[in-house]
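# Structure assessment
Chain by chain, the residues:
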Amino acid sequence: MIKALFFDIDGTLVSFKTHSVPASTVEALTAAHERGVRIFISTGRPAPLINNLDPIEHLIDGYITVNGAICTVGGETISRTPIDPEDVRTIISAADSWGIPTLIVGEDRATVHNHRPIVDRIFGQMLDIKGLDMHTSTEEMLSRPVYQLTPFFDEGQEAAVDPLLRHAESARWCPYFSDVISSDADKGRGMEIIAGHTGIELSECMAFGDGGNDISILRRAGTGVAMGNAGVTVKNAADYVTDSIDSDGVSRALRHFGIIA
């Protein structure tokens, strides 16, 4: 029996085409919640940049944010896993040497280091992200715990930097950048933390995703569902592949498994 659903945002709950939650998904999650199924978000976005879930916000019981580095339930933060400061400096130094922009994520804000036009094109236009802090300096951000870095490394640059990291790992769900978090954090671990906190077994959890950073949670959930718009490696990590987000994939999967009628 499924008691909890975990959803990635971009490409899973929110369409890249419309930047909104499809009506079929809103209806399906409403029906599941009315049946007592708990709903959690599992995203690479930090909380300040989650600006696109208004139609379902009242249904959400908790959040795995920054790819598992921060977990909250009912407004209470139950887990924080920052990046080793030395690894933060390694990423920033590499970004500076290549002149590459990097998103720096703290607990309550996210700023851009080395701003370049590609940031506006990808974050602003493609992902419709709002809420970036344009005032806090890099120095101030680095004086506090950093939970995620998003450097606009290509795959070659990512491969060159990864061996230099002591206790951090990168995950790529977009060709333009990678997300770097602590080695102790990922979405699968975030689900384990929330499940333990709420008394839910992992076998009672179902997770949905479409990107490389969803693989850990798809594998650890009792049932992992890949969206039809996911890549091959993501689909191979799932127990079930549903339709794409723009073809009512969430609703169809919940009906397939009998979670809603």
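Quantities reported herein were computed from a predicted structural model and do not represent experimental measurements. (Residues numbered from 1 in each chain as written. Predicted model: local features only at pLDDT ≥ 70, side-chain atom pairs only at ≥ 80, totals over all residues. Heavy atoms only, no water.)

## Regarding the environment of T77
- Following the sequence through the fold, T77 ends up in strand β5 (residues 76–80).
- In this structure, the C-alpha to C-alpha distance between T77 and G62, residues 15 residues apart in sequence, is 9.3 Å.
- Sequence-distant contacts of T77, defined by excluding residues within four places in its chain, comprise I70, C71, T72 and E107. (Helix = DSSP H or I, 4+ residues; strand = E, 2+ residues; numbered from the N terminus. Contact = heavy atoms within 4.5 Å.)

## Describing empty space enclosed by the protein
- All chains considered together, the criterion is met by 2 cavities of 30 Å³ or more.
- Roughly 170 Å³ of internal volume is contained in the largest cavity.
- Lining the largest cavity are 20 residues, and of these D10, G44, R45, W173 and D179 sit closest to its centre.
- Within the residue set of the lining of the largest cavity, elements represented by two or more residues are β8 (148–151) and β10 (177–182).
- In this structure, the second largest cavity spans a volume of roughly 50 Å³.
- What lines the second largest cavity is simply D10, V14, S15, F16, H19, R45, N51, N52, M126, L127 and D128.
- Looking at side-chain class alone, the lining of the second largest cavity contains 4 nonpolar, 4 polar and 3 charged residues. (1 Å grid on protein atoms, 1.4 Å probe; cavity = no way out; pocket = protein on both sides within 12 Å on 5 of 7 lines; lining within 4 Å. Points joined across faces, edges and corners; volume = space filled by probe spheres on them. Nonpolar A, V, L, I, M, F, W, Y, C, P; charged D, E, K, R; others polar.)

## Here we look at the layout of surface pockets
- In this structure, the largest pocket occupies an estimated 230 Å³ of space.
- Lining the largest pocket are 17 residues, with A47, P48, I50, Y63 and T65 positioned closest to its centre.
- The set of elements that each furnish at least two residues to the lining of the largest pocket consists of β3 (62–65) and β4 (70–73).
- Each residue belonging to the lining of the largest pocket can be placed in one class, and the counts come to 9 nonpolar, 5 polar and 3 charged.

## Focus on the sheet that holds β4
- Pairing within the open sheet is mixed, and its 8 strands lie in the order β5-β4-β3-β2-β1-β11-β12-β13. Edge positions in the sheet fall to β5 and β13 (240–241), since each of these pairs with one other strand and no more.
- On top of the sheet, helix α9 (residues 249–256) reaches β1 (4–7), β11 (205–209), β12 (223–226) and β13; it is set at about 155° to β11, its chief contact. (Pairing = 2+ DSSP bridges. Axes fitted to C-alpha atoms, helices over the stretch in contact; angles between N-to-C directions.)

## Description of the pairing of β4
- Burial along β4 is two-sided: the face carrying I70 and T72 and the face carrying C71 and V73 are both buried.
- Both β3 and β4 contribute to a ladder of 4 bridges, which runs antiparallel. Along β4, the bridge assignment pairs G62 with V73.
- Counting the residues in the hairpin turn of β3 and β4 gives 4 residues, including V66, whose phi is positive at 40°. (Buried < 20%, exposed > 50% of the residue type's maximum accessible area, 1.4 Å probe, protein only.)

## Comments concerning the packing of aromatic side chains
- Tallied over the full model, the rule gives 8 aromatic pairs.
- With 5.6 Å between their ring centres and 70° between their planes, F123 and F177 make a pair best called edge-to-face. A residue pair is termed long-range when its members are at least 10 positions apart, and F123 in helix α3 (residues 117–126) and F177 in strand β10 qualify at 54 residues.
- Judged by its relative accessible area of 4%, F123 is buried.
- A relative accessible area of 1% means that F177 is categorised as buried.
- Taken together, the ring pairs connect F123, F152, W173 and F177 into an aromatic cluster. (Phe/Tyr/Trp six-rings, centres within 6.5 Å; stacked < 30°, edge-to-face > 60°.)

On their own, these measurements won't tell you what the molecule is for.
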